[in-house]
Amino acid sequence: QVQLVESGGGLVQPGGSLTLSCAASGTISSIKAMGWYRQAPGEEREMVAVIGSGDTTQYADSVKGRFTISSDNTKTMLYLTMNSLKPEDTAVYYCNAFISHSFGTSEYWGQGTQVTVSS
């Protein structure tokens, strides 16, 4: 089994910065892709940023130029650096991973971490 644990959420003022972390642990053969998603109250979950096995990245238009996704050399730690935060960034942020096992590829989700942008 694989566990994803997010940390780093909290309350921040508009214009502020926050960095989220996600730690992957368990039986990991190969991480195909990891990403951050968010879900605001009453809204559907949406992609924020993803990073592929070749370190290619993709961002939602709403966060381009403000957010940066990165991982460590082991690919078991994922980060989301968020700058110039806006109230509309308020949401629960989830870590996501597609991981290959001997039996195939599985998708995993973390439990989420709350980010609130408010003055």
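Placed above this text is the structure.
For the structure given in this document, a descriptive report is provided here. On a predicted model such as this, the values are computed, not experimentally measured, just so you know.

### Observations concerning the overall build of the protein chain
So, point 1. Within the protein chain, the secondary structure is distributed over zero helices and 11 strands.
So, point 2. Ordered by position from N to C terminus, the α and β elements of the protein chain give β-β-β-β-β-β-β-β-β-β-β.
So, point 3. Structurally, the protein chain occupies a C-alpha span of about 50 × 25 × 20 Å along its principal axes.
So, point 4. Relative to its full complement of 119 residues, the protein chain shows a buried share of 40%.
So, point 5. In the protein chain, the proportion of contacts linking residues at least 24 apart, taken out of those at least 6 apart, comes to 54%.
So, point 6. Per element, the accessible surface of the protein chain, about 6,100 Å² overall, is 48% carbon and sulfur.
So, point 7. Distance from the positive charge centre (7 side chains) to the negative charge centre (10 side chains) of the protein chain: 4 Å.

### Regarding unusual backbone geometry
So, point 1. You will see that K75, though not glycine, has its phi angle at about 65 degrees, which is positive.
So, point 2. Following the sequence through the fold, K75 ends up in the loop between β7 (67-71) and β8 (77-82).
So, point 3. One non-glycine residue, S84, lies in positive phi territory at about 50 degrees.
So, point 4. The residue S84 is located in the loop between β8 and β9 (91-101) in this model.

### Notes on the state of the cysteines
By definition, a disulfide links the sulfur atoms of two cysteines through a covalent bond.
So, point 1. This structure, assessed with the given rule, holds one disulfide.
So, point 2. Between C22 and C95 runs a disulfide, and the two sulfur atoms are separated by 2.1 Å. Taking the torsion about the S-S bond as the criterion, the C22 to C95 disulfide, at about -80 degrees, is left-handed. With C22 in strand β3 (residues 18-26) and C95 in strand β9, this residue pair connects regions lying 73 residues apart in the sequence.

The rules behind these values
Residues numbered from 1 in each chain as written. Predicted model: local features only at pLDDT ≥ 70, side-chain atom pairs only at ≥ 80, totals over all residues. Heavy atoms only, no water. Helix = DSSP H or I, 4+ residues; strand = E, 2+ residues; numbered from the N terminus. Buried < 20%, exposed > 50% of the residue type's maximum accessible area, 1.4 Å probe, protein only. Contact = heavy atoms within 4.5 Å. Areas by Shrake-Rupley, 256 points an atom, 1.4 Å probe, with all protein chains shown as cover. Lys, Arg positive; Asp, Glu negative; His and termini not counted. Charge placed at Lys NZ, Arg CZ, Asp CG, Glu CD. Disulfide = S-S within 2.5 Å.

Honestly, it's all geometry; don't read function into it.
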